[in-house]
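A closer look at the structure
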Amino acid sequence: MMIPSEALTLCHQARQTYDDFLALQKQDKVAINSIITLDHHHIHQVMCKATESYQQFIQLNTYQFKEDTLEYFYIEKSIFQLDNNISEYHQYVLNNLTILIQELTTIKDGEVSEKTINLMQRTYKTIQKTDTTNMSASAYAYKILKKIVEAYINYIEYFCALIENNKDKKVIDIIQFINHYLINIGIYTIATKPGDKWNLLLYEPEINDSNNETDDQTLEDCIHRVYYYAYVINIIDKEEPLLLKEGKAGIWNVR
């Protein structure tokens, strides 16, 4: 983490003031008694200002990471409802995806941001060439929106590993940009957590889940670990949200 230039400049100023004071002390011992209080007061003021600047920088740039990394992927329920005016909505999806790609270019994180940009560019090209003529809302969701969500999900474990192992705040910025895009086009998540009853319709089981054996009979058909959430969208005139992609969870293996 780089110390802000303002704090460094103020520290240099304080040092220079002190050096000038020492030089003056050597040249004129008579004058020293009249200026000693003033110079030390000035040095103290400059150093206090430098310290304040640095503390403000720390407060703004020290990020408190969540204990559960998966929480970064949670998107609150949307009131948006997809209707059958697909041509207009399709252009809206593409326009917002263009904005997302532009936002991702502002994150200077080398390989991670470059991979994510390439992913979204490929997704854009794929859905752009899809003929949406006479397509219903449900068909569009399965044909287009499902591709967007699946592309994102393929990177979730990668993102989680970078956050947990490297404590990389820029990865969280990338996730927040993508989440904001999904919010804009009406997609949200249905979350679950360890200990919840497994919802067969929303979550597929992870067959390679490890360390999931227990003698606790109350954990029968309960979730042991969540790998990623379920993604859905509301369709007009449908009581239940349409499932775009099942979540994935490990289930307790009760002996």
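Refer to the structure above for everything that follows.
The text that follows walks through the structure, step by step, so that each part is easy to find. (Residues numbered from 1 in each chain as written. Predicted model: local features only at pLDDT ≥ 70, side-chain atom pairs only at ≥ 80, totals over all residues. Heavy atoms only, no water.)

**A word on the packing of aromatic side chains**
Per the counting criterion, the structure on display carries nine aromatic pairs. An angle of 85° between the planes, with centres 6.3 Å apart, marks the rings of Tyr 74 and Tyr 229 as edge-to-face. Placement of Tyr 74 in the loop between helix 2 (32–61) and helix 3 (86–104) and of Tyr 229 in the loop between strand 4 (223–228) and strand 5 (230–233) is noted, with a sequence separation of 155 residues between them. With relative accessibility at 42%, the residue Tyr 74 sits in the partly exposed group. Pairwise contacts between aromatic rings join Phe 80, Tyr 89, Tyr 92 and Tyr 140 into one cluster. Directly above the aromatic system of Phe 65 lies the positively charged group of Lys 167, at a separation of 5.3 Å from the ring centroid. (Phe/Tyr/Trp six-rings, centres within 6.5 Å; stacked < 30°, edge-to-face > 60°. Helix = DSSP H or I, 4+ residues; strand = E, 2+ residues; numbered from the N terminus. Buried < 20%, exposed > 50% of the residue type's maximum accessible area, 1.4 Å probe, protein only. Lys NZ or Arg CZ within 6 Å of the ring centre and 35° of its normal.)

**Overview of the packing of helix 3 against helix 5 (residues 137–153)**
Two elements in contact, helix 3 and helix 5, have axes separated by 11 Å at closest approach and are oriented at 10°. When the axes of helix 3 and helix 5 are compared, the pair comes out roughly parallel. Contacts between helix 3 and helix 5 pair Ile 86, Tyr 89, His 90 and Val 93 from the former with Ala 137, Tyr 140, Leu 145 and Ile 148 from the latter. Each residue belonging to the contact of helix 3 with helix 5 can be placed in one class, and the counts come to seven nonpolar, one polar and no charged. (Axes fitted to C-alpha atoms, helices over the stretch in contact; angles between N-to-C directions. Parallel < 35°, antiparallel > 145°, perpendicular 65-115°, else oblique. Contact = heavy atoms within 4.5 Å. Nonpolar A, V, L, I, M, F, W, Y, C, P; charged D, E, K, R; others polar.)

**Comments concerning the sheet that holds strand 6 (residues 242–245)**
Adjacent strands of a sheet form backbone hydrogen bonds with each other and so pair up, either parallel or antiparallel. What the three strands build is an open sheet, ordered 1-5-6; its pairing is antiparallel. Because the sheet does not close on itself, it has two edges, and the strands there are strand 1 (187–190) and strand 6. Each adjacent strand pair in this sheet contributes to an overall mean axis angle of 45°, direction not counted. Judged from the three bridges that link them, strand 5 and strand 6 form a sheet pairing that is antiparallel. When the sheet's bridge partners are listed, Tyr 231 is paired in strand 6 with Lys 245. (Pairing = 2+ DSSP bridges.)

**Side note on helix 7 (residues 169–184)**
Under the 1.5 Å per step criterion, the end-to-end length of helix 7 is 23 Å for 16 residues, consistent within 8% with the ideal 22 Å. When we look at burial in helix 7, the residues that qualify are Val 171, Ile 172, Ile 174, Ile 175, Ile 178, Asn 179, Tyr 181 and Leu 182. Where helix 7 is buried, its residues meet helix 3, helix 4 (111–128), helix 5, helix 6 (156–166), strand 1 and strand 5. Where helix 7 begins, one side-chain oxygen reaches toward the backbone nitrogen of Lys 170, 3.0 Å away; that side chain belongs to Asp 168. Two residues or fewer after helix 7 comes Gly 186, characterised by a positive phi angle close to 90°. (Expected span 1.5 Å × (residues − 1). Polar contact = N/O pair within 3.5 Å; in protein donor to acceptor, adjacent residues only side chain to side chain.)

**What to know about the environment of Thr 123**
Within the fold, Thr 123 resides in helix 4. Considered as a pair, Thr 123 and Ala 151 are 28 residues apart in the sequence and their alpha carbons are 7.3 Å apart. Here Leu 119 takes part through its backbone oxygen, which lies 2.8 Å from a polar atom of the side chain of Thr 123.

**Regarding the packing of helix 4 against helix 7**
Remark: helix 4 packs on helix 7, axes separated minimally by 10 Å, with the N-to-C direction vectors making an angle of 20°. On the basis of the axis angle, helix 4 is roughly parallel to helix 7. Where helix 4 crosses over helix 7, the handedness of that crossing is right-handed. On helix 7, the residues that touch Val 112, Ser 113, Thr 116 and Met 120 of helix 4 are Val 171, Ile 174 and Ile 178. Here the residues of the contact of helix 4 with helix 7 sort into five nonpolar, two polar and no charged. (Left-handed = near helix turned anticlockwise from the far one by under 90°.)

**Some words on the pattern of salt bridges**
One side chain can pair with another of opposite charge once the charged atoms of both are near each other. Summed over all chains, the structure comprises seven salt bridges. Where Lys 169 meets Asp 173, a salt bridge forms, and the shortest distance between an N and an O atom there is 2.5 Å. With Lys 169 and Asp 173 both in helix 7 and four residues apart, the pair spans about one turn of that helix. Note on Asp 173: relative accessible area 22%, which makes it partly exposed. (Salt bridge = Lys/Arg side-chain N within 4 Å of Asp/Glu carboxyl O.)

Function-wise, these values are silent; they only describe arrangement.
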